[in-house]
Every structure is written in structure tokens, then in C-alpha cells.
Amino acid sequence: MSMLRAITTITAALVIGLSALGGAATASSGGTGYPAGQCTAYVASQLPWIPSDWQNADLWLIDARRSGFTTISGADVVAVHPGDVAVIAAGAQTRNGKASDDGHVGIVTAVDQSVGTVTLSSENWPEGDTQPRSLTFATSDIEGYIVPPTGVPMPASLSPTSSATSPGGTNT
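Quantities reported herein were computed from a predicted structural model and do not represent experimental measurements.

Parameters and conventions
Residues numbered from 1 in each chain as written. Predicted model: local features only at pLDDT ≥ 70, side-chain atom pairs only at ≥ 80, totals over all residues. Heavy atoms only, no water. Helix = DSSP H or I, 4+ residues; strand = E, 2+ residues; numbered from the N terminus. Buried < 20%, exposed > 50% of the residue type's maximum accessible area, 1.4 Å probe, protein only. Contact = heavy atoms within 4.5 Å. Areas by Shrake-Rupley, 256 points an atom, 1.4 Å probe, with all protein chains shown as cover. 1 Å grid on protein atoms, 1.4 Å probe; cavity = no way out; pocket = protein on both sides within 12 Å on 5 of 7 lines; lining within 4 Å. Points joined across faces, edges and corners; volume = space filled by probe spheres on them. Nonpolar A, V, L, I, M, F, W, Y, C, P; charged D, E, K, R; others polar. Core = buried A, V, L, I, M, F, W, Y, C linked by side-chain atoms within 4.5 Å. Phe/Tyr/Trp six-rings, centres within 6.5 Å; stacked < 30°, edge-to-face > 60°. pLDDT = per-residue confidence, 0-100. Pairing = 2+ DSSP bridges.

A tally of regular secondary structure across the protein gives three helices and eight strands. The order of α-helices and β-strands along the protein, N terminus first, is α-α-α-β-β-β-β-β-β-β-β. Here the protein, with 172 residues, has 41% of them falling under the buried criterion. For the protein, the proportion of contacts with a sequence separation of at least 24, taken over those separated by at least 6, is 54%. Carbon and sulfur atoms provide 55% of the accessible area of the protein, an area that totals close to 9,000 Å².

Another aspect to go through is unusual backbone geometry. Of note, the phi angle at Asn124 is positive, near 70 degrees, even though the residue is not glycine. Mapped onto the fold, Asn124 is located in the loop between β6 (117-122) and β7 (133-138).

Quantified by volume, the largest pocket comes out at close to 260 Å³. Lining of the largest pocket is provided by 20 residues; of these, Gln38, Cys39, Thr40, Asn56 and Asp102 occupy positions nearest its centre. The residue inventory of the lining of the largest pocket, partitioned by class, reads eight nonpolar, nine polar and three charged.

Judged by nonpolar contacts, the single largest core of 22 residues is most densely connected at Val43, Ile50, Trp54, Trp60, Val85, Val105 and Ile146. At five residues, helix α2 (residues 39-46) tops the list of elements feeding residues into this core. Counting 16 residues, the second-largest nonpolar core is a separate cluster that includes Val118, Leu120, Trp125 and Phe137.

Under the counting rule described, the total for this entry stands at five aromatic pairs. Their ring planes at 55 degrees and their centres at 5.5 Å tell us that Tyr34 and Trp60 sit as a pair that is tilted. Taken together, the positions of Tyr34 in the loop between α1 (3-20) and α2 and Trp60 in helix α3 (residues 60-66) put the pair 26 residues apart, joining distant regions of the chain. Residue classification places Tyr34 among the buried positions, given a relative accessible area of 3%. For Trp60, a relative accessible area of 0% puts it in the buried group. With centroids separated by 5.2 Å and ring planes inclined at 90 degrees, the aromatic side chains of Trp125 and Phe137 adopt a geometry described as edge-to-face. Placement of the pair is Trp125 in the loop between β6 and β7 and Phe137 in strand β7, with a sequence separation of 12 residues. The same class applies to Trp125 as to Phe137, namely buried. An aromatic cluster is built from Tyr34, Trp49, Trp54, Trp60 and Phe69, whose rings are joined through pairwise contacts.

On average, residues of the protein score 79 in pLDDT, and 75% of them are at 70 or above. α1 is the least confidently modelled element of the protein, averaging 34 in pLDDT, while strand β8 (residues 144-146) averages 98, the highest of any element. In the predicted structure, residues 1-28 sits below a pLDDT of 50 and forms 11 contacts with residues beyond four places in sequence or in another chain. This model gives residues 162-172 a pLDDT under 50, and the stretch forms 21 contacts once residues within four places in sequence are excluded.

Glancing now at the pairing of β6. The buried fraction of β6 is high, at six of six residues. Burial along β6 is two-sided: Thr117, Thr119 and Ser121 and Val118, Leu120 and Ser122, pointing in opposite directions, are all buried. In this structure, strand β5 (residues 104-112) lies alongside β6, joined through five bridges in antiparallel fashion. Residue Asp112 lies in a different strand from β6, and its bridge partner there is Thr117. The antiparallel pairing of β5 with β6 creates a hairpin that spans four residues between the two strands, and Gly116 there sits at a positive phi of about 70 degrees. Direction of pairing for β6 relative to β7: antiparallel, over a ladder of six bridges. Bridge assignment links Leu120 to a residue of β7, and that residue is Leu135.

In C-alpha cells:
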């Protein structure tokens, strides 16, 4: 077999293999469609209502709007509730360090309007950390939020343990 034919055969096999994977060249986390170990994979694995075809974290607000989801401006913290998805812009400097060039997403687990913070459950912050963790961000660090479909509860594993996480002492 000539070298050119061998390269053509290998290329064809790779194209067929990638087609079978939906074009993804990296392993996904639990079938979420997102690269394993990334914040997007973690959020999608916890919230089954997240579509598997959104792009990098910094584009999730755009993708959510295009998919018909309600989004909230980062400045509108009064409307934010546990279970919403927070989006941090690519390269944003936060109280917890700098976001990656792909942005960051996490699940809101608590909101404290009195001090202007939101607590997120997320993974891969700082980059390379593959263990889920709880981090508190200033509300000014957040670009915006994605609201879950009506009636979809937050996973019990992420539910806040305190009733003082949102205004009025409710965890909605």
C-alpha cells in the first residue's frame, strides 16, 4: 500500500469515527456532550435540562436565549434563585481569580443580597480542578444567569441547607 493510500485510509477512518461521536474529539462526562472535567460537563451532569449542544461557557447565555430559555442580567440579583445557572465571562477577573478564556458556569446554590454574593456549585475552578466545589462570588462577577424551565427542581444533592439563602427565607 502506498503512503498516500495509507494516509487516505487512516483519515477516512478518523472521519467516520468522529462522525459516530458527533464530531467530538474528547471524552464527554456522563454523556453530557461536554468535555469531561470542564465546568460545562459538571453543570450539564447535574441539570438534565441543559442541552448537550451548547458551546463554551462564555457563550451559554447566547445559546440559552437561542434555545428559548429565560436569562437574567448579572445586575438583576433580585431575580436570581438557587438552581439558576450563573455565567462568568471569558477572562473575567473575579474575587476568586481570573476566569478561563472559555468563561465559567456554575449552579447557584445560595444568594445573599445583603452582601451582594452568590454561591455556586461548580467544577474546574481554578482550571484543572476536577472536584466539584462551592465558591462564593460577588454578584458583580456574574455576567448573567440562565433560569431553569418552570417546575424543574434543583437536584437534592445541591439544595441549600440554610433557609436564609434567598429573600424571604425561601429556597425557590
